[in-house]
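# Inside the fold
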Amino acid sequence: MLYFLLIIFTCLSFLIYLFLIWNFDHWQNRNVRAPRPYPLFGSFPNLLLRRQHFADDLCDIYKRYKITDNYVGTYLMRTPTLMVIEPQIVHDIFVTAFKHFDDNDVGKLIDTTKDPLIAKNPFILSGKEWQLQRSLISPALTGSHIKQTYHAIALICQQMSKFIIKQGLCGINGKELALRFTAESLCSSILSIEANSFTDRPLPISENVNKFASDNIAFTIFTLLVGLFPMILKVYQMKFFPKDCEKFFTDLIDRAYKLRCLEHCASNDILDHLLKIKDLQNLSQMDLYSHTMTFLIDGLDTTATVISHCLLMLALEPTCQNTLFEEIQRSSENEAEISFNKLNEMPYLDACIHESLRIYPPGLWATKCCSKSYQLKNKDGNILTLQKGDSIIIPIYALHHDSKYYPEPYKFKPERFLQENGGVKHYRDHGVFLGFGDGPRTCLGMRFALFQSKAAITSLIRRFHININPRTQREFKLDPKNFLALHNGGVWLDFEER
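Because the structure is a prediction, the values reported are computed rather than measured. (Residues numbered from 1 in each chain as written. Predicted model: local features only at pLDDT ≥ 70, side-chain atom pairs only at ≥ 80, totals over all residues. Heavy atoms only, no water.)

Now for helix 21 (residues 446-463). When the terminal C-alpha atoms of helix 21 are compared, their 26 Å separation across 18 residues agrees well with the 26 Å that a helix rising 1.5 Å per residue should span. The buried fraction of helix 21 amounts to 14 of the 18 residues, a majority that puts the element mostly inside the structure. (Helix = DSSP H or I, 4+ residues; strand = E, 2+ residues; numbered from the N terminus. Expected span 1.5 Å × (residues − 1). Buried < 20%, exposed > 50% of the residue type's maximum accessible area, 1.4 Å probe, protein only.)

Right, dumping it as structure tokens:
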């Protein structure tokens, strides 16, 4: 009996092994070089092992093949995914050849009928639907609408400074501080309500975002299963939003709209714009809530990541912090509040933020789906024809840390992005800066995120000298336990009043 069971176990193990490796000749058959994949893990063992960040796995492959190849074949567990490593091709995919790659691969995972709160988010939509939905909400983020929020955000910056002092100035968690700021500013700017983020009883905005973003274990397991069994998506797509999280945001947004309707006044703000398109486009109430949720999702954690990491780097580089402080002083002209126009006319501040985005981009990689047949040429002259449905991954973190394009890539050097050195456009046009993506599907909230970041950083540098707390690690390294971009060990800061 034992012998019989052993035979069955051996046969089953062999069949499972064959299943895990059966398509590992995919790229070889298409004449594409590929690192050796491993059963279950594919090309990226740290998706499961977490010994280093997934973005570092991408970076390792990028460094190994960047001299010899324009692209390389990889496997997300069992799913073939082409990694593009030549910046010019990257730029083509995002911009000049966009019509062949106009869909984001993540959209395959989402069933919008199960998740109505994100059903209108342009990031997950494909075909012409993303264009339509983006065109409806992008006018809400014009300069005039953003400027309308400036006074409220200036007051929130003051609340943040008072909160830091109340907390004792030392050992402040920079990411948590930034999340409090973005939660409060988004609630104020988008919903016209107070989140009480700098009190002892804040609205749990960040906690509920984390439930579906970084702490969504069920959805994470589902995505791993899809990596093993890609055919699952043909028959089933899992609900993304946990029920309690969905109820929280639905109730919050509903409350905001009811309050605005009771006011019977036009404010020329983002909320007004959304109400107008509801009437003009005959949108359902849930469609309206979904558009509103787009702003809340896209702007909370990403902007907090930019703010916290920029503060970290300014604390690590006191000379840069002093240069920025001097620029702020010149721009303030001894006024209590820097004007909206002045805030957007500080080149060194802009350079500091973009250098932070380079070192720790909120989107560490991008995934695209080929929507129309396209040919790529490798360095050896071989031609690869991509077919509709082929998945592509862009290693943004690796491109941002290539010493060929950024000498001393792990050094915070804001002057790289000053206009006299080419500015952001120089790097973006060469396919090596993708802090907000590029092309027609550039981050919808880019202008608003930059505005929020500039307001928060300016306010803090003007009021405090920022130092590194002993808990903070000085080496720039991604936290392998966090799927998003986060400095390893966290961002811990000490504040000293000027």
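Moving on, we come to a nonpolar patch on the surface. Together, L5, I8, L12, F14, L15, Y17 and L18 give the surface a local cluster of nonpolar side chains, amounting to about 650 Å² of exposed area. With respect to the helices, strands and loops of the structure, L5 is situated in helix 1 (residues 2-21). The exposure class assigned to L5 is partly exposed, which follows from its relative accessible area of 44%. (Patch = residues over 30% accessible without salt bridge, like charges linked within 9 Å, V, L, I, M, F, W, Y side chains within 5 Å. Areas by Shrake-Rupley, 256 points an atom, 1.4 Å probe, with all protein chains shown as cover. Salt bridge = Lys/Arg side-chain N within 4 Å of Asp/Glu carboxyl O.)

Taken in spatial order, the three strands of this open sheet run 4-10-9, and their pairing is antiparallel. Of all strands in the sheet, those with a lone pairing partner are strand 4 (172-173) and strand 9 (464-468), marking the two edges. Sheet strands touched by helix 21: strand 9 and strand 10 (492-497). Its angle to strand 9, the strand with the most contacts, is close to 95 degrees. (Pairing = 2+ DSSP bridges. Contact = heavy atoms within 4.5 Å. Axes fitted to C-alpha atoms, helices over the stretch in contact; angles between N-to-C directions.)

Below, the discussion takes up the nonpolar core. Within the largest apolar cluster, 156 residues are counted, with the highest numbers of intra-cluster contacts made by F249, I394 and I457. Sort the elements by how many residues they give to this core and helix 15 (residues 301-316) lands first, with ten residues. Excluding residues that lie within four positions of it along the chain, I457 makes contacts with I307, C310, L311, L314, L324, L349 and I353. (Core = buried A, V, L, I, M, F, W, Y, C linked by side-chain atoms within 4.5 Å.)

Before going further, it helps to examine unusual backbone geometry. The backbone of M77 sits at a positive phi, close to 65 degrees, despite the residue not being glycine. Within the element layout of this structure, M77 appears in the loop between strand 1 (71-76) and strand 2 (79-84). Residue class for M77 comes out buried when judged on its relative accessible area of 6%. Unlike most non-glycine residues, L169 shows phi in positive territory, near 75 degrees.

Strand order in this open sheet of five strands is 1-2-8-5-3, and the pairing throughout is mixed. Each end of this open sheet is capped by a strand with a single partner; those strands are strand 1 and strand 3 (103-104). Across the face of the sheet, helix 4 (residues 54-65) comes into contact with strand 1, strand 2 and strand 8 (391-394) while running at roughly 150 degrees to strand 1.

The next point concerns the pattern of salt bridges. Applying the stated criterion to the full structure yields 19 salt bridges. Residue K239 pairs with D115 through a salt bridge whose shortest N-O separation is 3.4 Å. Here D115 lies in the loop between strand 3 and helix 6 (129-137) and K239 lies in the loop between helix 11 (217-228) and helix 12 (243-263), a separation of 124 residues in the sequence. By relative accessible area, D115 is classed as buried at 0%. With a closest N to O distance of 2.6 Å, K425 and D429 form a salt bridge. In this pair, K425 and D429 are both assigned in helix 20 (residues 423-429), four residues apart and thus about one turn of the helix distant. You can call K425 exposed: its relative accessible area is 53%. Taken together, the shared-partner salt bridges in this structure form one network comprising D115, K239 and E246.

Enumeration over the complete set of coordinates arrives at 21 aromatic pairs. Seen in terms of ring centroids, F163 and F198 are 5.5 Å apart; in terms of plane orientation they differ by 55 degrees. Their pairing is tilted. Highlighted residues: F163 in helix 8 (residues 150-166) and F198 in the loop between helix 9 (174-191) and helix 10 (205-212), separated in sequence by 35 residues. For F198, a relative accessible area of 10% corresponds to the buried category. By way of ring pairs, the aromatic residues F44, F54, W365 and F483 are connected into one cluster. The ring of Y406 carries R358 above its face, with NZ or CZ at 4.9 Å from the centroid. (Phe/Tyr/Trp six-rings, centres within 6.5 Å; stacked < 30°, edge-to-face > 60°. Lys NZ or Arg CZ within 6 Å of the ring centre and 35° of its normal.)

Right, let's talk about the confidence of the model for the protein for a bit. When the pLDDT values of the protein are averaged, the result is 89; 97% of them are 70 or greater. Looking at the elements of the protein, mean pLDDT is at its lowest for helix 1, recorded as 72, and at its highest for helix 19 (residues 396-400), recorded as 98. (pLDDT = per-residue confidence, 0-100.)

Take the environment of N421 next. Considering the arrangement of structural elements, one finds N421 in the loop between helix 19 and helix 20. For N421, a relative accessible area of 41% gives the class partly exposed. Once residues within four sequence positions are removed from consideration, N421 is found in contact with E415 and R416.

By the criterion of burial, strand 9 is predominantly enclosed, with four of the five residues buried. The pairing of strand 9 with strand 10 spans five bridges and is classified as antiparallel. By the bridge assignment for strand 10, I466 is matched with F495.

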